[in-house]
Amino acid sequence: MDRKNNRFIILIVACSAIGVVVGGTASWAESSQCWQSKAPTSECVTQDPVLKTIEGMSSGLIAGVAAAIGATWQIKRDRD
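First things first, this report covers the structure right here in the doc. (Residues numbered from 1 in each chain as written. Predicted model: local features only at pLDDT ≥ 70, side-chain atom pairs only at ≥ 80, totals over all residues. Heavy atoms only, no water.)

1. A closer look at helix α3 (residues 49–79)
Helix length check: α3, at 31 residues, gives a terminal C-alpha distance of 45 Å against a target of 45 Å (1.5 Å per residue), a fit within 8%. Every buried residue belonging to α3 is among K52, T53, G56, G60, G64 and A68, and all of these are buried. As for α3, its buried residues are in contact with α1 (3–36). (Helix = DSSP H or I, 4+ residues; strand = E, 2+ residues; numbered from the N terminus. Expected span 1.5 Å × (residues − 1). Buried < 20%, exposed > 50% of the residue type's maximum accessible area, 1.4 Å probe, protein only. Contact = heavy atoms within 4.5 Å.)

Dropping the structure here:
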């Protein structure tokens, strides 16, 4: 692999990891906030917080990959 491919892979991995952490944390916080409210909704009571966190993590993963690809494309476009 050449140096440009290594940078691209590192950027995708870093953005994906950050997206997973942010997405999972946001979903977990939303679940906690829902449970701590004075009148939790039926959706809040029936939804598994772990499943909700995993959904948030997967959304963050997709957003991170998309951000890395977009940033790489923009940098490449500016250099040309």
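2. Observations regarding the state of the cysteines
Enumeration according to the criterion identifies one disulfide in this entry. Note that C34 is cross-linked by a disulfide to C44, the S-S spacing being 2.0 Å. With a gap of 10 residues between them, C34 in helix α1 and C44 in helix α2 (residues 42–46) connect regions that are remote in the sequence. Classification of C44 as buried rests on a relative accessible area of 7%. (Disulfide = S-S within 2.5 Å.)

3. Focus on the pattern of salt bridges
Taken as a whole and judged by the stated rule, the model has one salt bridge. With its nearest N and O atoms 3.8 Å apart, the salt bridge here joins E30 to K52. Note that E30 is positioned in helix α1 and K52 in helix α3, a separation of 22 residues in sequence. Judged by its relative accessible area of 46%, E30 falls in the partly exposed class. (Salt bridge = Lys/Arg side-chain N within 4 Å of Asp/Glu carboxyl O.)

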